[in-house]
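Residue-level listing of the chains:
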Amino acid sequence: MQILKTKAALLKQVAACKQKEKTIGLVPTMGALHEGHASLVRRAVDENNVVFVSVFVNPTQFNNKEDLAKYPRTLDRDADLLASLGVDYVFAPSAEEMYTQEEMNTTFEFDFGGLDQVMEGKMRPGHFNGVVQIVSRLFLLIQPQKAYFGEKDYQQLAIIHRMVKIMPELQSLDIKIIDCPIVREASGLALSSRNERLSEKEKQIAVNISHILFESRQLTQSQSVKEVENWVIEQVNRVEGLTVEYYEIVDQSTLLPVTDFSHAIGCITVYCGPVRLIDNIKY
Ligand code: PAF
């Protein structure tokens, strides 16, 4: 496995792969890898001749400087895991390699069609702009046939599907976005790099989030969407140590509010102490 730090080194390897007509799979990450990422990588290794994994803590998607500073950076450990999974190339550039100062300070132009106006987009203004900026750049540099993303960040996934459909530079690349299911601990807790910031006690508390989401499935026969939303919020807030930021049951494609449970997904954000956790459940 090779670790590439510059765009020039990356482009050289991509060109060599293309020349040999190898299919390329890409797994974009911000590092601090866990079993959730490993599941995406295993699938990419299975389905492609060559796999690139990007490890880049993307500054333009953080609207909170403290969150950016605290984001775990564990490249050596990540590289060991990726090598053991059979990855061919890790792309781990610096921020300066990816962005000019001007790009860092200007908003990336993209028509989200409203997908950025709800849930995470409402709570973290500019976040999805940064995501589209970096993922589109990685797609243009690496030009993979397939790119793998986890369903835990469901709104991000919906936006990336829209991005490959509507961005003219990407349309011709015909990149297939592969949605990969949430990986959970045996307890039910959705795996996340942020879990590293939870104490053992907080982890036990956080387990309630997924349990309550699973339980809410039982209510969909007898209760309305609004009632189920309110029930989830109330149950989670009742757990000492948890505070719901939002819980919204929306359409799986448009992310707009729904009136019934067909094609619906419930997306939640909860503070467990200072750590902001997200999860979701398809109904
Ligand atoms: O989901 C993530 O880890 C990031 O948002 C991504 C897609 C790697 C872009 O920085």
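Coordinates for the structure precede this section.
Residues numbered from 1 in each chain as written. Predicted model: local features only at pLDDT ≥ 70, side-chain atom pairs only at ≥ 80, totals over all residues. Heavy atoms only, no water.

**Q** Even after reading the chapter, I still don't get the pairing of strand S9 (residues 275-282), so can you show me in this structure?
**A** Taken residue by residue, a regular strand's side chains alternate between the two faces of the sheet. Where burial is concerned, most of S9 is hidden: seven out of the eight residues are buried. Where strand S8 (residues 264-272) meets S9, eight bridges bridge the pair, whose relative direction is antiparallel. By the bridge assignment, Ile268 is partnered in S9 with Asp279. The hairpin formed by S8 and S9 contains two residues between the paired strands, and Gly273 there has a positive phi angle of roughly 60 degrees. (Buried < 20%, exposed > 50% of the residue type's maximum accessible area, 1.4 Å probe, protein only. Helix = DSSP H or I, 4+ residues; strand = E, 2+ residues; numbered from the N terminus. Pairing = 2+ DSSP bridges.)

**Q** Is there a simple way to explain the sheet that holds strand S3 (residues 50-55) in this structure?
**A** Sheets are built from strands paired through backbone hydrogen bonds, the pairs being either parallel or antiparallel. Pairing is parallel in the open sheet, where six strands are placed in the order S1-S4-S3-S2-S5-S6. Edge positions in the sheet fall to strand S1 (2-4) and strand S6 (176-180), since each of these pairs with one other strand and no more. When strand polarity is set aside, the average angle formed by the axes of neighbouring strands in this sheet is 25 degrees. Direction of pairing for S1 relative to strand S4 (residues 89-91): parallel, over a ladder of three bridges. Note on S4: the bridge partner recorded for Gln2 is Tyr89. Sheet contacts for helix H2 (residues 35-47): strand S2 (24-29), S3, strand S5 (146-150) and S6; angle to S5, the most-contacted strand, approximately 160 degrees. Across the sheet, helix H8 (residues 127-142) is in contact with S2, S3, S4, S5 and S6; its angle to S2 comes to roughly 155 degrees. (Axes fitted to C-alpha atoms, helices over the stretch in contact; angles between N-to-C directions. Contact = heavy atoms within 4.5 Å.)

**Q** Looking at this model, I keep getting lost on the site of the ligand. Mind explaining?
**A** In the region of the ligand, the neighbouring residues are Pro28, Thr29, Met30, Asn58, Gln61, Ile134, Val135, Phe149, Asp153 and Gln156. The contact in question runs from an oxygen atom of the ligand to an N or O atom on the side chain of Gln61, over 2.6 Å. At a separation of 2.7 Å, an oxygen atom of the ligand approaches a polar side-chain atom of Gln156. Starting from 290 Å² of accessible surface for the ligand in isolation, the protein chains cover 88%. For the shell around the ligand, the secondary-structure elements that each account for two or more residues are S2 and H8. For the shell around the ligand, the class distribution of residues is five nonpolar, four polar and one charged. (Near = heavy atom within 4 Å. Polar contact = N/O pair within 3.5 Å; in protein donor to acceptor, adjacent residues only side chain to side chain. Areas by Shrake-Rupley, 256 points an atom, 1.4 Å probe, with all protein chains shown as cover. Nonpolar A, V, L, I, M, F, W, Y, C, P; charged D, E, K, R; others polar.)

**Q** I tried to follow the sheet that holds S8 on my own but got confused; where do I start?
**A** Read across the sheet, three strands follow the order S7-S8-S9 without closing on themselves; strand pairing throughout is antiparallel. Of all strands in the sheet, those with a lone pairing partner are strand S7 (242-251) and S9, marking the two edges. Neighbour to neighbour, the strand axes of the sheet diverge by 15 degrees on average, direction disregarded. Across the face of the sheet, helix H11 (residues 200-216) comes into contact with S7, S8 and S9 while running at roughly 25 degrees to S9.

**Q** So what exactly am I meant to see when it comes to the pattern of salt bridges here?
**A** Once the charged atoms of two side chains with opposite charge are near each other, the side chains can pair. With the rule as written, the count across this model stands at 17 salt bridges. With a shortest N-O distance of 3.2 Å, Asp111 and Arg162 are connected by a salt bridge. Of this pair, Asp111 sits in the loop between helix H6 (101-105) and helix H7 (119-123) while Arg162 sits in helix H9 (residues 154-166), and the two are 51 residues apart along the sequence. Assessed through its relative accessible area of 23%, Arg162 is described here as partly exposed. Two residues, Arg276 and Glu120, come together in a salt bridge whose shortest N-O distance is 2.9 Å. In this pair, Arg276 is assigned in strand S9 and Glu120 in helix H7, connecting sequence segments 156 residues apart. Residues Arg276 and Glu120 agree in their burial class; the two are buried. Each of Glu120, Arg124, Glu245 and Arg276 takes part in salt bridges that share partners, so that together they form one network. (Salt bridge = Lys/Arg side-chain N within 4 Å of Asp/Glu carboxyl O.)

**Q** Would you mind going over the nonpolar core with me for this structure?
**A** The tendency in soluble globular proteins is for nonpolar side chains to be buried as a group. Membership of the largest hydrophobic core comes to 46 residues, with the highest contact counts inside it found for Phe52, Phe139, Met163 and Ile177. Broken down by element, the residue count for this core peaks at nine residues, all from H8. Among residues more than four places away in sequence, those in contact with Ile177 are Phe139, Ala147, Phe149, Leu157, Ile160, His161 and Val164. Counting residues in each nonpolar core, the second largest holds 29 residues, with Val239, Tyr247, Ile268 and Val270 among its members. (Core = buried A, V, L, I, M, F, W, Y, C linked by side-chain atoms within 4.5 Å.)

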